[in-house]
Number of protein chains: 2
Amino acid sequence: MSEERKKFKRESAESRQEALILATLELVAEKGVRGATVRGIAERADVTQGLIRHYFSSKEELIVAAYEHHMNQMTDDTFAPGAAEGTARARLRAFVDGSLTPPVVDPRSLALWASFLNKVQQDPQMKATHERTYAYFRDRLEELIKAALEEAGRPAPPARLRQLSIACNAVIDGLWLEGGALPDAFEPGELVEIGRQSVAAIVELDLTQEAGKT
Amino acid sequence: MSEERKKFKRESAESRQEALILATLELVAEKGVRGATVRGIAERADVTQGLIRHYFSSKEELIVAAYEHHMNQMTDDTFAPGAAEGTARARLRAFVDGSLTPPVVDPRSLALWASFLNKVQQDPQMKATHERTYAYFRDRLEELIKAALEEAGRPAPPARLRQLSIACNAVIDGLWLEGGALPDAFEPGELVEIGRQSVAAIVELDLTQEAGKT
DNA sequence: GGAGAAATTATACACTTGCATAATTACTGG
DNA sequence: CCAGTAATTATGCAAGTGTATAATTTCTCC
């Protein structure tokens, strides 16, 4: 019954780093950044804690890497479905759909956002990542609205476009938040439908037609 | 230069508890629930840590008390301006205004919401408090929309009312979120104006007139 | 103004935390 | 197949954590 030293297998740096990052995201979503301890992360990744120091020079660095990984994932997930195909109106609709469908709308995604918020507002590097991602979303949405309005023969001045994009962004964010906070409160597809209708009402464009493609 | 024992003054249980709760909320907003240590809270309240145990049987209990205090405050702040006066349309407008004005829209308020999210989803007592508050807001909003539509001679069926209230709640939540996350990105009054316009567009009611009162 | 009680401070303890470093193990190249 | 190297594990440490308890101080009431 002598305590045996743990057997292990050498893995590539990339796969180990990714495994550590994924374990970190799991724990951060469950218990927050401080609750995601080095020991807990190591256990979740089936590794001993010393290994983390071998790949990341501090917990801080691991957290930052995990945050950037998550933000990139979110961006990819949002823009996956619609691509840049079709009319501006169709692209706008695809943007709404992508933003209001799992895995973007998800309790874990919301929990991660909430858990990172503190650190994001204090750490300059994380703040930069956040603002870059946020600006990307907003600009993209504003472009789509602009194009869709021009397409409909109703171009809008910049100030108006700003208001419309803030409002549409707010609906999407709000539905994202509620869908993540109360996942059982909505039928499948309900958030997407409400999102489409609301954006349509705000910009005064019909987003329901041409919907047979997906 | 002998170390002197700290002088102190006896205070009422109520004021001490409130001071401890306020100090807790400050620290939770800054560093999250785990970052708000018993020692940190005591220091912020200008008290030694042992006193906390005298008023709260555990840190957990203090956190729960602080959360309930905050939620009550949010409710009061939201419903303070509009009261239950005037037409349904005016009351709906007041609801939007109250939800999108400081101190409801505020970085600290958002940070508190985010910091508590984890615990809220796990602790049954906090979960109950959250759901009660959320349901209160949503029901109130749905009633207002229902009344405003009937007032305008355009009553809506329950399913439609549900969609409208979810959508309006989402715009308000989204603007609340963005206003708290990026306080310098919006002019004073801009969020309220966008919120009014968006709710107006969604429910198809003019919310700008009769606005001279505030 | 002094005794009793309650509020408050001070101290102690066991446990967790992030980080550092030493000891081992698995793989690679010859 | 064997040495060298880097990945991985194991161990240790100082600081911080919540909580328990003892020591003091302030206030109230007679």
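Here the residue numbers are simple positions, counted from 1 along each chain's written sequence. In the order they appear in the text, chains get letters beginning with A and ligands get numbers beginning with 1. Owing to the predicted nature of the model, reporting of local features is limited to residues with pLDDT of at least 70; listing and counting of side-chain atom pairs is limited to 80 or more, with chain, interface and lining totals taken over all residues. Side-chain numbers here rest on the full set of heavy atoms in the structure, without hydrogens or water.

Glancing now at the packing of helix α8 (residues 158-181) of chain B against helix α9 (residues 190-203) of chain B. All names here are of chain B. In this analysis, axes come from line fits to C-alpha atoms, helices being fitted only over the stretch in contact, and the angle between any two N-to-C directions falls in the range 0 to 180 degrees. Under the scheme used here, helices are H or I runs from DSSP no shorter than 4 residues and strands are E runs no shorter than 2 residues, and both carry numbers assigned from the N terminus. Interhelical geometry of α8 versus α9 gives an angle of 165° and a closest axis separation of 10 Å. Classified by the interaxial angle, the pair formed by α8 and α9 is roughly antiparallel. The interaxial crossing formed by α8 with α9 has right-handed handedness. Each of R160, L164, A167, C168, V171, L175 and G179 in α8 lies in contact with α9, whose residues at this interface are L191, I194, G195, S198, V199, I202 and V203. Grouping the constituent residues of the contact of α8 with α9 by class yields ten nonpolar, three polar and one charged. Small angles under 35 degrees read as roughly parallel and large ones over 145 as roughly antiparallel, with 65 to 115 read as roughly perpendicular and the rest as oblique. The sense of a crossing depends on the near helix, which, turned anticlockwise from the far helix by less than a right angle, makes the crossing left-handed and, turned clockwise, makes it right-handed. Here, two residues are considered to be in contact whenever any of their heavy atoms come within 4.5 Å of each other. All amino acids are sorted into three groups, where Ala, Val, Leu, Ile, Met, Phe, Trp, Tyr, Cys and Pro are nonpolar, Asp, Glu, Lys and Arg are charged, and the leftover types, Gly among them, are polar.

As a further point, take the relation of the copies chain B and chain A. Once chain B is rotated about the relating axis by 180° and shifted along it by 0.0 Å, it coincides with chain A to within an RMSD of 0.1 Å. What the rotation and shift describe, once combined, is the action of a two-fold rotation axis. When you check the interface residues of chain B against chain A, 100% turn up at the interface there too, and the contact is symmetric in its surfaces. Least squares is the method used to superpose the copies, on C-alpha atoms of residues holding a pLDDT of at least 70 in both.

Our next topic: α9 of chain B. To estimate how far a helix should reach, multiply one less than its number of residues by 1.5 Å. For α9 of chain B, which comprises 14 residues, the first-to-last C-alpha distance of 20 Å matches the rise-based estimate of 20 Å (1.5 Å per residue) to within 8%. Turning to α9 of chain B, its buried residues number three or more, namely E190, L191, V192, I194, G195, R196, S198, V199, A200, I202 and V203 of chain B. Lining the buried residues of α9 of chain B we find α8 (158-181) and α9 (190-203) of chain A together with α5 (88-99), α7 (124-151) and α8 of chain B. Remark: E204 of chain B follows α9 of chain B within two positions and exhibits a positive phi of approximately 60°. Here's how the labels work: a residue is buried when its accessible area is under 20% of the maximum for its type, exposed when over 50%, partly exposed in between, all with a 1.4 Å probe on protein chains only.

A separate point is the protein's contact with DNA strand C. A single heavy atom is enough: if one lies within 4 Å of a molecule or strand, its residue is considered near that molecule or strand. R10 and R53 of chain A together with R5, R16 and Y55 of chain B are the nearest of the 29 residues found near DNA strand C. In DNA strand C, the atoms that sit within 4 Å of the protein are 67% sugar and phosphate, with bases accounting for the remainder. In protein, a polar contact means a hydrogen-donor-capable atom and an acceptor-capable atom, both N or O and within 3.5 Å, with residues adjacent in sequence counting only if both atoms are side-chain atoms; elsewhere, any N or O pair within 3.5 Å suffices. In this structure, a phosphate oxygen belonging to DNA strand C sits 2.8 Å away from a main-chain N or O atom of K6 of chain B. Within the side chain of Y55 of chain B, one N or O atom sits 2.5 Å away from a phosphate oxygen of DNA strand C. Those elements that provide at least two residues to the surface near DNA strand C are α2 (38-44) of chain A together with α3 (50-55) of chain B. When residues of the surface near DNA strand C are assigned to their parent elements, the largest contribution, four residues, is made by α3 of chain B. Its residues assigned to classes, the surface near DNA strand C comprises seven nonpolar, seven polar and 15 charged.

Salt bridges, as used here, are contacts in which a Lys or Arg side-chain nitrogen is within 4 Å of a carboxyl oxygen on Asp or Glu. Taken as a whole and judged by the stated rule, the model has 15 salt bridges over all chains. Residue R44 of chain A pairs with E30 of chain A through a salt bridge whose shortest N-O separation is 3.1 Å. Within this pair, whereas R44 of chain A is found in helix α2, its partner E30 of chain A is found in helix α1 (residues 13-35), the two being separated by 14 residues in sequence. Between E190 of chain A and R162 of chain B there is a salt bridge whose closest N-O contact spans 2.9 Å. Linking E190 of chain A in helix α9 with R162 of chain B in helix α8, this pair reaches from one chain into another. E190 of chain A sits in the buried class, given a relative accessible area of 10%. We classify R162 of chain B as partly exposed; its relative accessible area is 28%. One network of salt bridges, in which partners are shared, links E26, E30 and R44 of chain A.

It is worth spelling out the domain arrangement of chain A at this point. Residues and elements named next belong to chain A. Note that domain bounds follow an automatic or database assignment of domains. Here the domain parsing of chain A yields domain 1 (10-57) and domain 2 (66-213). Distance from the C-alpha centre of domain 1 to the C-alpha centre of domain 2: 30 Å. Counting from both sides, the interface comprises ten residues of domain 1 and, opposite them, nine residues of domain 2. Around 800 Å² of area is buried between domain 1 and domain 2 when both sides are counted, 78% of it from carbon and sulfur atoms. It is L25, A29 and V33 that lose the most area in domain 1 upon contact with domain 2, and together they represent 59% of the buried surface on that side. Our count for the domain 1 to domain 2 interface comes out at zero salt bridges. Taken together, the connections running from domain 1 to domain 2 amount to one residue pair in polar contact (both at pLDDT 80 or more). Here's the idea: put two parts together, see how much 1.4 Å probe accessible area each one loses, and the total over both is what we call buried area.

What follows concerns α8 of chain A. Taking 1.5 Å of rise per residue, the 24 residues of α8 of chain A would be expected to cover 34 Å, and the 34 Å separating its terminal C-alpha atoms lies within 8% of that figure. With 20 of 24 residues buried, α8 of chain A is to be regarded as a mostly interior element.

Joining through side-chain atoms within 4.5 Å is the link that ties buried Ala, Val, Leu, Ile, Met, Phe, Trp, Tyr and Cys residues into a set, and such a set is a nonpolar core. Judged by nonpolar contacts, the single largest core of 86 residues is most densely connected at I145 of chain A together with I145 of chain B. With near-sequence residues (within four places) excluded, I145 of chain B lies in contact with L92, L161, L164, S165, C168 and V203 of chain B.

With respect to the helices and strands, T129 of chain A occurs in helix α7 (residues 124-151). With residues near it in sequence (within four places) discarded, T129 of chain A still touches Y67, E68 and M71 of chain A.

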